[in-house]
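Remarks on the overall topology
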Amino acid sequence: MKLKKLRSRVLSIIIILSALFAFYVLISLIGNILKPNNIIVVDAGHGGRDPGATSITNIYEKDINLEIAKKLYQKLKSMNYKVILTRDSDEYVQNSSRANIANRKKARVFISIHCNALDNDNVTNGIQVLYCPNKANETNDWDNKALAQLVLDHLLTSTGATNKGIVERKDLVVLNQARVPAILVECGFITNRKEAELLVDEKYQDIIVNAIAKAIDIYLDSEN
Ligand SMILES: [Zn+2]
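Here the residue index of a chain counts from 1 through its sequence in written order. Given that the model is predicted, a residue must reach a pLDDT of at least 70 before its local features are reported, and side-chain atom pairs must reach 80 or more before they are shown or counted; all residues, however, enter totals for whole chains, interfaces and linings. As a rule here, side-chain values cover all heavy atoms of the structure and leave hydrogens and water aside.

Topic: the packing of aromatic side chains
- Working definition: rings of Phe, Tyr and Trp (its six-membered ring) pair if their centres are within 6.5 Å, and the pair is stacked with planes under 30 degrees apart, edge-to-face with planes over 60 apart, and tilted otherwise. Enumeration according to the criterion identifies zero aromatic pairs in this entry.
- Working rule: Lys NZ or Arg CZ, within 6 Å of ring centre, within 35 degrees of ring normal, means a charge sits over the ring. Over the face of the ring belonging to Tyr 92 we find Arg 49, whose NZ or CZ atom lies 3.7 Å from the ring centre.

Points about the sheet that holds strand E4 (residues 127-131)
- One open sheet accounts for six strands, arranged E2-E1-E3-E6-E4-E5; its pairing is mixed. Sheet topology places strand E2 (82-85) and strand E5 (163-168) at the edges, where each strand pairs with a single neighbour. For this sheet, the mean inter-axis angle between neighbouring strands, taken without regard to orientation, is 20°.
- Examined bridge by bridge, E4 and E5 share four bridges and lie parallel to one another. By the bridge assignment for E5, Val 129 is matched with Ile 166.
- For this analysis, residues touch if any pair of their heavy atoms sits within 4.5 Å. As a rule, the C-alpha atoms of each element are fitted with a line to give its axis, helices using only the stretch in contact, and angles between N-to-C directions run from 0 to 180 degrees. Only DSSP runs of H or I reaching four residues or more are called helices, and only runs of E reaching two or more are called strands; each is numbered from the N terminus. Each of strand E1 (39-44), E2, strand E3 (109-116) and strand E6 (182-189) is contacted by helix H2 (residues 61-78), which is oriented at about 145° to E3, the strand it contacts most.
- Each of E3, E4, E5 and E6 is contacted by helix H4 (residues 144-159), which is oriented at about 170° to E4, the strand it contacts most. When DSSP locates at least two bridges between a pair of strands, those strands are taken to pair.

Topic: the domain arrangement of the protein
- By the assigned domains, the protein splits into domain 1 (1-35) and domain 2 (37-223).
- Bear in mind that the domain bounds are from an automatic or database domain assignment. For domain 1 and domain 2, the distance between their C-alpha centroids amounts to 50 Å.

Points about the coordination of the zinc ion
- Only N, O and S atoms count as donors, using a 2.8 Å limit from the metal and a wider 3.2 Å limit for Na, K and Ca, and since water is excluded some coordination spheres may look unfilled. Distances from the zinc ion to its protein donors, His 46 (NE2), Glu 61 (OE) and His 114 (ND1), fall at 2.1 to 2.2 Å.
- For the zinc ion, the donor residues sit on a single chain with the sequence spacing H-x14-E-x52-H. Here the residue His 46 occupies a position in the loop between E1 and H2, and Glu 61 occupies one in helix H2, the gap between them amounting to 15 residues.

Re the side chain of His 154
- Relative to the helices and strands, His 154 resides in helix H4.
- Within the local environment of His 154, its side chain forms a polar contact with the backbone oxygen of Leu 150, the two atoms lying 3.0 Å apart.
- If near-sequence neighbours (up to four positions away) are discounted, His 154 is found in contact with Ala 211, Lys 214, Ala 215 and Ile 218. Between N or O atoms, a polar contact is any pair within 3.5 Å; within protein, one atom must be a potential hydrogen donor and the other a potential acceptor, and residues adjacent in sequence are included only when both atoms are from side chains.

Remarks on the nonpolar core
- Counting 43 residues, the largest nonpolar core has Val 42, Ile 111 and Ile 212 as its most contacted members.
- The element best represented in this core is helix H7 (residues 202-223), accounting for ten residues.
- With 16 residues, the next largest nonpolar core counts Phe 110, Leu 175, Ala 178 and Ala 182 among its residues. For the purposes of this section, nonpolar cores are sets of buried Ala, Val, Leu, Ile, Met, Phe, Trp, Tyr and Cys residues that join through side-chain atoms within 4.5 Å. Each residue gets one of three labels from its accessible area relative to the maximum for its type: buried under 20%, exposed over 50%, partly exposed in between, using a 1.4 Å probe on protein chains only.

Here we look at the pairing of E3
- Extensive coverage of E3 is indicated by the burial of eight of its eight residues.
- In E3, alternate side chains face the same way, and those of Val 109, Ile 111, Ile 113 and Cys 115 on one face and Phe 110, Ser 112, His 114 and Asn 116 on the other are all buried.
- Where E1 meets E3, five bridges bridge the pair, whose relative direction is parallel. Residue pairing for E3: Asp 43 is matched across the bridge by Ser 112.
- Judged from the six bridges that link them, E3 and E6 form a sheet pairing that is parallel. The residue of E6 that forms the bridge with Ile 111 is Ile 183.

Let's talk about the pattern of salt bridges
- What makes a salt bridge here is a side-chain nitrogen of Lys or Arg within 4 Å of a carboxyl oxygen of Asp or Glu, nothing more. Counted by the stated rule, this structure contains six salt bridges.
- With its nearest N and O atoms 2.8 Å apart, the salt bridge here joins Arg 169 to Asp 171.
- The exposure class of Arg 169 is partly exposed, given its relative accessible area of 28%.
- The salt bridge partner of Arg 193 is Glu 197, with a shortest N-O separation of 3.9 Å. Here Arg 193 pairs with Glu 197, and both are found in helix H6 (residues 193-199), just four residues apart, close to one helical turn.

Shown next as structure tokens:
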């Protein structure tokens, strides 16, 4: 008799534990389904037959953009984001295709990496972030201007570079075709000797990448 009682008690405990486990699995599954994705698309501007600007030290903008974009890819991956590069080699990619990658993947952020250049001016220097105005169908997740300001602030604090501000640009295909939060970072002026030299320096590239990654992380954290 005693043995029977014990057996039924053990059985009840097993049933309760199994039910709790099943409940836990169900809750985590629902959590995973409801959780917003964490895809970030990183775009290295220009590429292939489109070299972008040429630096005062004779380096193509497309090559600097790719180096920084690849570093940003690694950094964001190490922070557990899913990261997609629009190009990972010296190839030509149309600007609309770049934005469409972000649209298809429903990325949380699209970030395009560029360097600035001016004709007949090797004095101007500094960092600038371009953004497309928020669209009519904006969601809570969609605030290009706030994202642009956040990224610029972090870049300026980390690099000490000149503040060239955030600039609204409706005309840039890579931004205006994106249906996700999208910004374009002009990491510095490669027509300015000091900035051109800094932008090919690995340590400076790391400072830029860390600042951008931190700002994106804060932006996405505040949106969740
Ligand atoms: Zn460019």
